[in-house]
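# Architecture at a glance
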Amino acid sequence: QTIYLKDYTPPAWLVEDVHLTFRLAAKTTRVISRIRFAPNPDRVDQTFFLHGEDLVLISSHIDGVAVTPTITEEGLSCDVPDGPFTWEAEVEISPATNTALEGLYMSSGMYCTQCEAEGFRKITYYPDRPDVMAPFTVRIESDLPVMLSNGNPVAEGEGWAEWHDPWKKPSYLFALVAGDLVNHPDRFTTMSGRDVELNIWVRPGDLHKCAFGMEALKKSMKWDEDVYGREYDLDIFNIVAVDDFNMGAMENKGLNIFNSSAVLASPETSTDANFERIEAIIAHEYFHNWTGNRITCRDWFQLCLKEGLTVYRDSQFTSDMRSAPVKRISDVIDLRARQFPEDQGPLSHPVRPERFQEINNFYTATVYEKGAEVIGMLKRLVGDEAYAKALDLYFERHDGDAATIEDWLRVFEDATGRDLTQFKRWYSQSGTPRLKVTEDWAAADDASRPPSRDLADNPEAPDQVRGGGTPSGTYTLTFEQHTPEGSGQTEKEPQVLPIAVGLLGPNGDEVLATTLLEMTQAKQSFEFTGLSARPIPSILREFSAPVVLERETSADKRAFLLAHDTDPFNRWEAGRQLARDGLIAMIRNGSPADDRWLEGMSRVVRDDTADPAFRALMLSLPAESELAQALHEQGTTPDPDAIWQARETVAQQLAETLQDALPRLQAEMTVEGAYSPDAGPAGRRALAGKLLGLTTRLDGGAQAARQYTHADNMTLQLTALACLIRSGRGEDALAAFYNRWKDDRLVIDKWFMLQIAEADPARAADVAKTLTEHPDFDLKNPNRFRATMGALAMNHAGFHRADGDGYALLADWLIRLDALNPQTTARMCSVFQAWRRYDADRQALMRQNLERIAAKSDLSRDTAEMVGRILG
Ligand code: ARG
Ligand code: ZN
């Protein structure tokens, strides 16, 4: 059944405090709860209902008197006194058979929990909703040496430990861990002088993989003090690495639990990209302590309140630790690859959804990444100082609250005096706005220029951006915005669009530095005066709004911006657009690769004033799925094989164009000395990796084979292996790689992933199928499942192979996984979301497989909702 935002009502009963005892046993864990309830003064009814799923109730008491509640699949209800009372219950649960990885479960012999969003109800009966907050005391009884929960440790003895969390929190932030674990310890002194004990807890064999995560944690703690004035608030902060985990990590108060892939790192086993991701996720979960935990969400519709803001904060952190332009470009690549297709297909939903069946299906790129874009726009509109002031007010006003988007926006209105009524549409309106721009130039003596033509339906005069003193030319940019209908919303209203614009003169110098245009209407013009010649505009600098910019422009102008734009994002964007237009022309009518792009790339790649990481991003081609989307938008049915072929052709031409420069450039990018995951050396390796990819197209893999043999870190090793697989020489290296790393689950995930992702499209589904028969394929481990099936979906032409074997293989495994792990199954279904874009045969095959999943008996609510939405 569907739950609606508009139906929210406050809880009838509040919790004053919670005491939990866990008697851990693999299949028969007992959970004894003692909960103090009090009536909520704001309540609208008096019903006493506790959520509870898959629990065996052993006994229950109210104020010491045994009671017999009414129990359903969703929970229990019971007659209760009018005033405050104490509820006590004992339940039995089975962590060892919990394959959904939600609630209390076991992973590699350790007990751990995942309660967000609604997992706590699988641990005990409780009002499992985020607006019920309470302090928790937890006693754990077991023979295991390490027993952890939220807050501070208060007492321990032989076979037991007790923890107390003084900060009131919702149940989704509860956590418990027990196991045979070892710790990597450290300390941090907060800005007010609180001495905090830090630990990363892992299985004994993983202790050498903790140092980097610990440094990232300390940097995050310091950064949140320096930039947001936010200090840590307990005596201890624990992180635990868990092998079986549905998501990246979880911000439980004082006890963050991480997918081991999101925390464990060593130079020998992790790539530069792994290090960067780990740093960002550690920061993200730590930052949640304020944006999520101290201030939480009233209900799950408000998820973006904590996630959008925390993603925004972790992106600021990464920008400060590494390169801001490189981070921005990478984020936009990711947004276009994951959020745009979501927002433009059957899964489209607003940043703050208004309905859901299963909330786990809404931990999406729209809520997270578009949610972060909305914060970025808000900051740009109000300015840095006002943003800081508003955030201070937010923390001051809402500390301890379960808040809403309305609360969040009111803080900005109160701090800045701005009316954010229209801006709020970013939270309620789904879809990616399309922004069309046209330009007009009137030279100084151009008397023929009719006043405000082009502005017929705009009653207001165009905004004057720069008033020039001397009589001179006027340049006008006219924007039109339009959001296509979708997710049941037919009438879309104009959004507030912050459009950062700069102007370049004909010889490449900047005649107008970055200026923010604030668009609020469907159509709006902006005039720039005081110009001596017609400028070349650089529009949507830094990707100042998450829109699709539609601009008819020439390849020459793109090449000009690629050469001269002072905004690194738009410089990259110009190159990307050139590549994209060239590829599309090649796919649609067999045009040869665009010389201007090839020339531009030659210049950029040799430009040693430019950051190597930036140059590496310039050299990467738009993804096949991005091209498929672009073709679809232009009215051409995408042919996955033709797209793959065009990218191959263009990459080959790029390799030939750069042929003479490759050896020297590669030598320049060699990193000497001990491995460091810092942005500098990582950027050089990134560029060297791109260059090796090009070289492999010319030497058949000879150099890659040498690099594979001599590599002393995973980045170099994996890059070489990828090149060898692509050049058809991967067999021996893959076997050697497996033997070398067979005891390291995270590295073997890479082994699974790489051979599918890099396989020739004609073989990808077969490679994936063979790997599902490998003894190390483990359906119960989400990382391994994603490494296999996710990699297949990433191999665009391979997944969409015309015979439909890719679709069928994935559907077979989704059907099997659904019985074990609904969350990971449902999430993976989204690879079918763009099915309507393709030709009739492929559509029919995809539909068939989706219907096959839908028809499975006992299909989970998670997967049923996803498949239903995708089929429409
Ligand atoms: N709050 C976690 C994070 O951002 C994600 C946990 C989501 N879990 C889930 N089952 N949906 O960082
Ligand atoms: Zn988060």
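Residues numbered from 1 in each chain as written. Chains lettered and ligands numbered in written order. Predicted model: local features only at pLDDT ≥ 70, side-chain atom pairs only at ≥ 80, totals over all residues.

## Some words on the overall build of the chain
- A tally of helices and strands in the chain yields 27 helices and 32 strands.
- Relative to the compact-globule value of 29 Å for 872 residues, the chain shows a C-alpha radius of gyration of 28 Å, a close match.
- Here the C-alpha coordinates of the chain stretch approximately 90 × 65 × 60 Å along the principal axes.
- Each of the 872 residues in the chain was classed as buried or not, and the buried ones make up 51%.
- Across the chain, contacts joining residues at least 24 apart in sequence account for 71% of those joining residues at least 6 apart. (Helix = DSSP H or I, 4+ residues; strand = E, 2+ residues; numbered from the N terminus. Rg over C-alpha atoms; globule rule 2.2 N^0.38 Å. Buried ≥ 20, exposed ≤ 12 C-beta atoms within 10 Å, placed from the backbone. Contact = placed C-beta atoms within 7 Å.)

## Observations regarding helix H3 (residues 303-321)
- With 19 residues, H3 extends 27 Å between its outermost C-alpha atoms, agreeing within 8% with the 27 Å of an ideal straight helix rising 1.5 Å per residue.
- Here H3 lies mainly inside the structure; 16 of its 19 residues are buried. (Expected span 1.5 Å × (residues − 1).)

## A closer look at the pairing of strand E29 (residues 510-519)
- With 7 bridges joining them, strand E28 (residues 497-504) and E29 adopt antiparallel strand pairing. Bridge pairing links Leu503 to Leu512 in E29.
- Connecting E28 to the next strand, E29, in antiparallel fashion are 5 residues, including Gly508 with a positive phi near 100°. (Pairing = 2+ DSSP bridges.)

## Observations regarding the environment of Asp744
- As for its position among the elements, Asp744 is in the loop between helix H19 (731-741) and helix H20 (745-757).
- The spatial distance from the C-alpha of Asp744 to the C-alpha of Ile405 is 43 Å, given a sequence separation of 339 residues.

## Remarks on the confidence of the model for the chain
- The share of residues in the chain with pLDDT of 70 or more is 97%, and the mean pLDDT across the chain is 96.
- This stretch, residues 450-459, has a pLDDT under 50; its non-local contacts, to residues over four places away or in other chains, come to 9 contacts.
- Across the assembled chains, the prediction reports ipTM 0.98 with pTM 0.97. (pLDDT = per-residue confidence, 0-100.)

## Re the site of ligand 1
- Taken together, 13 residues are adjacent to ligand 1, and Glu116, Met247, Met250, Asn360 and Tyr363 come closest.
- Here the shell around ligand 1 is built from residues that sort into 5 nonpolar, 4 polar and 4 charged. (Near = placed C-beta within 6 Å. Nonpolar A, V, L, I, M, F, W, Y, C, P; charged D, E, K, R; others polar.)

## Digging into the sheet that holds E29
- If you walk across this open sheet you meet the 3 strands as E29-E28-E31, and the pairing is antiparallel. A strand with exactly one partner marks an edge of an open sheet, and here the two such strands are E29 and strand E31 (536-539). The sheet shows a mean angle of 25° between the axes of neighbouring strands, direction not considered.
- Judged from the 4 bridges that link them, E28 and E31 form a sheet pairing that is antiparallel. Residue pairing for E31: Val501 is matched across the bridge by Ile539. (Axes fitted to C-alpha atoms, helices over the stretch in contact; angles between N-to-C directions.)

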